[in-house]
Amino acid sequence: MSIINKESKTPLYVQLMNILINKIDNYMEENEQLESERDICVKYGVSRTTVRQALDELEKNKYIYKIQGKGNFVASRVVEQHLTKVSSFTQDMKKAGKTPTSKLLNFEIQEADYSISKKLKIEEKELVFKMVRLRLADEIPMIYEITYLPYERFKELNEKIIQEIPLYEAFEKKFNIKITSAEESIESVLTSKLESVYLGVDVGSPALKFKRITYENKNIIEYTITIARGDKYKYRVTLTN
């Protein structure tokens with residue numbers, strides 16, 4: 001058991017918080033209940049005030065959630081994605097130990113406007129597939145996603161294919177496409193009314209907006225706009241010198 005060092009310059013509540021984070025990350029499951037405040041006081045030899053400070057910080061940082069009259073519980077894990085290689089939502093969720101699913105909200109063929117034609121490097125008014133999907137993990141809405149694909153490259157694409165297998169898997173198995181690279185920009189945004197409805201969050205909640213252009217060699221095969229819940233995602237970038 002980790003011990004609180006009362007001679008340390010580090011505040012007691014911070015020490016306790018770090019001990020509890022280690023326990024949550026390595027030994028506890030989502031929605032599992034933490035020990036009572038009284039039991040934590042006794043176990044680590046600290047005051048009720050110290051325990052409450054630590055628990056308040058854990059709640060602010062999304063490690064736990066509180067239920068009035070019942071106690072403190074481990075929150076759903078924030079999904080961490082490493083921005084070092086091209087990966088799909090399905091792959092990311094499986095790596096995180098979650099079950100990914102998708103709801104197809106819209107699927108249509110339309111003419112590319114100026115903006116979309118520039119992203120896909122096609123002529124304005126050329127046909128494109130547009131699909132809007134809600135991506136879920138363990139039945140919890142995670143991202144709202146709009147994808148554009150050049151029609152000429154994916155003429156055989158239909159709703160049945162999209163609903164049966166992940167899109168990137170369909171690229172490879174149905175269209176003989178090998179993804180070689182992608183460009184992705186990230187910015188912080190606040191959710192719109194529509195995004196909030198589908199993601200199950202309040203209007204104006206913090207979110208991350210991704211714009212991805214995916215390549216097969218030098219050919220652009222996909223342009224996707226993703227709105228990811230800010231309380232469910234964090235991203236890690238590996239930098240080398």
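Computed from a prediction, not measured in an experiment: that's the story for all the values here. (Residues numbered from 1 in each chain as written. Predicted model: local features only at pLDDT ≥ 70, side-chain atom pairs only at ≥ 80, totals over all residues. Heavy atoms only, no water.)

What follows covers helix α1 (residues 12-27). Along an α-helix, residues three or four apart share an orientation, since each turn contains 3.6 residues. If you check α1, its first and last C-alpha atoms are 22 Å apart, about what 16 residues at 1.5 Å a residue would give, namely 22 Å. Where α1 is buried, its residues meet α2 (37-44), α3 (48-60), β1 (64-67) and β2 (71-74). (Helix = DSSP H or I, 4+ residues; strand = E, 2+ residues; numbered from the N terminus. Expected span 1.5 Å × (residues − 1). Contact = heavy atoms within 4.5 Å.)

Here we take up the sheet that holds strand β8 (residues 206-216). The antiparallel open sheet is built from six strands, whose spatial order is β4-β5-β6-β9-β8-β7. Either end of the sheet is taken by a strand with one partner, and the two such strands are β4 (100-111) and β7 (181-190). The average undirected angle you get between the axes of adjacent strands in this sheet is 15°. Pairing geometry for β4 and strand β5 (residues 127-137), over eleven bridges, is antiparallel. From the neighbouring strand, K103 faces β5, where its bridge partner is L134. Packing of helix α7 (residues 167-175) onto the sheet brings it into contact with β5, β6 (140-150), β8 and β9 (219-229), and relative to β9 it is tilted by some 165°. (Pairing = 2+ DSSP bridges. Axes fitted to C-alpha atoms, helices over the stretch in contact; angles between N-to-C directions.)

Attention now goes to a nonpolar patch on the surface. Together, L105, L194, V197 and Y198 give the surface a local cluster of nonpolar side chains, amounting to about 350 Å² of exposed area. It is helix α8 (residues 193-199) that contributes the most residues to the nonpolar patch, three residues altogether. For L105, a relative accessible area of 32% gives the class partly exposed. (Patch = residues over 30% accessible without salt bridge, like charges linked within 9 Å, V, L, I, M, F, W, Y side chains within 5 Å. Areas by Shrake-Rupley, 256 points an atom, 1.4 Å probe, with all protein chains shown as cover. Salt bridge = Lys/Arg side-chain N within 4 Å of Asp/Glu carboxyl O. Buried < 20%, exposed > 50% of the residue type's maximum accessible area, 1.4 Å probe, protein only.)

One pass over the structure, following the stated rule, counts eight aromatic pairs. Arranged with centres 5.2 Å apart and planes meeting at 40°, the rings of F129 and Y151 form a pair that is tilted. Of this pair, F129 sits in strand β5 while Y151 sits in the loop between β6 and α6 (159-164); the two residues are 22 residues apart in sequence, bridging distant segments of the chain. Ring centres of F154 and F175 lie 5.0 Å apart, and the angle between their planes is 70°; on these two criteria the pair is classed as edge-to-face. (Phe/Tyr/Trp six-rings, centres within 6.5 Å; stacked < 30°, edge-to-face > 60°.)

So, about the side chain of S205. You can see S205 is positioned in the loop between α8 and β8. Relative accessible area serves as the criterion here: at 14%, S205 is assigned to the buried category. Sequence-distant contacts of S205, defined by excluding residues within four places in its chain, comprise V189, L190 and T191.

The domain boundaries assigned to the protein delineate domain 1 (12-74) and domain 2 (79-236). Here domain 1 and domain 2 have C-alpha centroids that lie 37 Å from each other. (Domains from an automatic or database assignment.)

The next point concerns the pairing of β2. Relative to β2, β1 is paired through four bridges, and the arrangement is antiparallel. Paired with I67 across the strands is G71, a residue of β2. Where β1 folds back onto β2 in an antiparallel hairpin, the turn is made up of three residues, including G69, whose phi is positive at roughly 85°.

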